[in-house]
Amino acid sequence: MTKMARNNGTSLGRRRLILGLGAGLGGSVVARVSPAAEGQGPAHPPHVADAPTGHEARQDAWPFYGKVQQGVVTPRPASGMVAAFSVLAKTPKDLEAMFRLLTERILFLTQGGAVPELDPRLPPPDSGILGPLIAPANLTITVSLGSSLFDDREWLTPHKPKRLQRMTKFRNDALSADICHGDMLLQFCANTPDTNIHALRDILKTMSAHLVLRWKQEGNVPVVPPKPDGSTESARNFLGFRDGSANPDSNDVDLMAETVWVGAERDEPEWARNGTYQAVRIIRNFVERWDRTPLREQERIIGRNKASGAPLDGGTEADVPAYDKDPDGKITPLDAHIRLANPRTPESRKNLMLRRPFNYSNGVTKSGQLDQGLLFISFQADLEEGFIAVQRRLDGEPLEEYLKPVGGGYFYVLPGAPMPDNYLGETLIRAACRTTACPT
Ligand SMILES: C=CC1=C(C)c2cc3[nH]c(cc4nc(cc5[nH]c(cc1n2)c(C)c5CCC(=O)O)C(CCC(=O)O)=C4C)c(C)c3C=C
Ligand SMILES: [Fe+2]
């Protein structure tokens, strides 16, 4: 293990320095236009000095407007959910109307406010599950598009992001068609599951003319409070291991520009700049089998110490394994999950991704086993160099005996709406209307 590697670009190192980010995060007062509007960095809750003193400021709301969307580099709160939709739009005009209305709903839901009062003889305007005053609870709703949206509309096909494709089966997959793919995916992240469900129900109700819900998956992560010395540790997944230890630091603007955000240097359509590729995988964990596996074997399969999260060559969770000193895998097996996922060679740097997973628990299978697992989500500037290359390296790993990927898909996260009056998807609509006649 390399001591100098502490705080060297992983989120964990950074989290040791920034206190209070995470699920309960609300930070200080929040402006409506994100600092990310100025650059591609994370949209932190602005420093108090950046905050307006006006009435729009809220304690627990992420600013909506920005160059990039929230929910990618934003800290992961306790509850996550993805919902996949079929989009009914047939023309650019229909799609623009859908994006405009979606932007309006996301703006309201993420910034919060009072539900309007209507004549009680009418259906109420809101499900009411959060009461009459909607608290944002750090809600982010991140909009991404699937390959089928482009493939099924000839006026949109020429504008498809270059690496966007329909997810195909890897060797250990048993994909169920009813929890795969979709024209559009919404990722909801908030402090409470009720906040996410409320937002989904609002969108279903207000957008029924535009969208049909195909599938959804909820998940959560334990909130790990900072230790007395201010340091933090990663949350555990349902295999009992800390998950996120080696995630790239989402506060590192340069690293995120290289790893996550699609910039001008990428061979992608111009409209897609400041977006990112999203891989979603619903991966069942055979927890009963795992719980009967010896601890030493579990640790060799993952490549980390179960209690501390440290690499097998010692130190703490924040330390980096020195594979160059262990070329034969005597300490960290060559087929350990973390070694295959990131061999830490100069060539494997291009395969980095930002992970944002949630643990899910869906009840009991017909054969009496717990239906639990990982709602795996990753963001990368290049889907093929990121998720697909890493998953190919993981194919055949010993961990597969305890996993079964059953659903998910690949999506392209839209650029943000930079300023009020912009809407999500606007750059795509403008690009489509340059190649197709769009009535005004
Ligand atoms: C294709 C990408 C990946 C999939 C799918 C995946 C599934 C998966 N992972 C765990 C548990 C852990 N993963 C850890 C690290 C890790 N995993 C991936 C990629 C995928 N994982 C990467 C790139 C890394 C980082 C490797 C590194 O840089 O060293 C860890 C260790 C802690 C950590 O760094 O997060 C655990 C534990 C499960 C259970 C799972 C499927 C259900
Ligand atoms: Fe992993």
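Just so it is clear, the model here is predicted, and its values are computed rather than measured. (Residues numbered from 1 in each chain as written. Chains lettered and ligands numbered in written order. Predicted model: local features only at pLDDT ≥ 70, side-chain atom pairs only at ≥ 80, totals over all residues.)

## Regarding the overall build of the protein
Check the secondary structure of the protein and you find 10 helices and 11 strands. Classification of the 440 residues of the protein by burial places 47% in the buried group. Across the protein, contacts joining residues at least 24 apart in sequence account for 77% of those joining residues at least 6 apart. (Helix = DSSP H or I, 4+ residues; strand = E, 2+ residues; numbered from the N terminus. Buried ≥ 20, exposed ≤ 12 C-beta atoms within 10 Å, placed from the backbone. Contact = placed C-beta atoms within 7 Å.)

## With respect to the site of ligand 1
Near ligand 1 lie 26 residues; those nearest to it are Phe241, Ala246, Ala341, Asn342 and Leu374. Those elements that provide at least two residues to the shell around ligand 1 are β7 (276-285), α8 (337-341), β10 (370-380) and α9 (384-394). By residue number, the principal contributor to the shell around ligand 1 is α9, which donates 4 residues. When its residues are assigned to classes, the shell around ligand 1 shows 13 nonpolar, 9 polar and 4 charged. (Near = placed C-beta within 6 Å. Nonpolar A, V, L, I, M, F, W, Y, C, P; charged D, E, K, R; others polar.)

## Some words on the nonpolar core
In terms of nonpolar packing, the biggest core is built from 79 residues, with Ile141, Met184, Phe188, Val260 and Leu375 touching the most fellow members. Counting residues in each nonpolar core, the second largest holds 8 residues, with Leu239, Ile301, Ala336 and Leu403 among its members. (Core = buried A, V, L, I, M, F, W, Y, C linked by C-beta atoms within 7 Å.)

## Concerning the pairing of strand β5 (residues 184-190)
The element β5 is extensively covered by neighbouring structure, given that 7 of its 7 residues are classed as buried. Residues Met184, Leu186, Phe188 and Ala190 point to one face of β5 and Leu185, Gln187 and Cys189 to the other, with burial holding for every one of them. Of the pairings in the sheet, the one linking strand β4 (residues 140-146) to β5 comprises 6 bridges and is antiparallel in character. Note that in β5 the partner of Thr142 across the bridge is Gln187. (Pairing = 2+ DSSP bridges.)

## A word on the UniProt feature "domain: Dyp-type peroxidase N-terminal" (unreviewed entry) in the protein
Following the UniProt record, the feature "domain: Dyp-type peroxidase N-terminal" (unreviewed entry) maps to residues 69-219 here. In residues 69-219, the share of helix is 26% and the share of strand is 24%. The end C-alpha atoms are 21 Å apart. (UniProt positions renumbered as here; feature names shortened; annotations may be inferred.)

## Some details on the packing of helix α2 (residues 92-111) against helix α10 (residues 426-435)
Running from N to C, α2 and α10 cross one another at 170°; their axes reach a closest spacing of 10 Å. Of the possible angle classes, the one that applies to α2 and α10 is roughly antiparallel. Here Pro92, Leu95, Glu96 and Phe99 of α2 lie close against α10, whose contacting residues are Ile429, Ala432 and Cys433. In terms of residue class, the contact of α2 with α10 is built from 6 nonpolar, no polar and 1 charged. (Axes fitted to C-alpha atoms, helices over the stretch in contact; angles between N-to-C directions. Parallel < 35°, antiparallel > 145°, perpendicular 65-115°, else oblique.)

## Points about α9
Every buried residue belonging to α9 is among Gly386, Phe387 and Ile388, and all of these are buried. Around the axis of α9, the buried residues are gathered within 150° of arc, so they sit on the same side. Positive backbone phi, approximately 90°, marks Gly396, located one or two places after α9. (Arc of directions from axis to C-beta.)

## Regarding the packing of α2 against helix α4 (residues 193-206)
As a packed pair, α2 and α4 sit with axes 11 Å apart at the nearest point and diverge in direction by 150°. Here α2 lies roughly antiparallel to α4, going by the angle between them. Of the two possible hands of crossing, α2 and α4 adopt the one that is right-handed. Of the residues in α4, those touching α2 at Leu101, Arg105 and Leu109 are Ala199, Asp202, Ile203 and Thr206. (Left-handed = near helix turned anticlockwise from the far one by under 90°.)

## Digging into the pairing of β4
Among the 7 residues in β4, 7 count as buried, and that is most of the element. Residues Thr140, Thr142, Ser144 and Gly146 of β4 are buried on one face, and the alternating residues Ile141, Val143 and Leu145, pointing to the opposite face, are buried as well.

## Concerning α10
Along α10, the positions that sit buried rather than exposed are Thr427, Leu428, Ile429 and Ala432. On its buried side, α10 packs onto α2.

## A few points about the environment of Met184
Relative to the helices and strands, Met184 is located in strand β5. In this structure Met184 comes out as buried when scored by C-beta crowding, with 25 C-beta atoms within 10 Å. Between the C-alpha atoms of Met184 and Ser147, which are 37 residues apart in sequence, the distance is 8.9 Å. When neighbours within four sequence positions are excluded, Met184 is seen to be in contact with Phe85, Val87, Val143, Leu145, Gly146 and Leu149.

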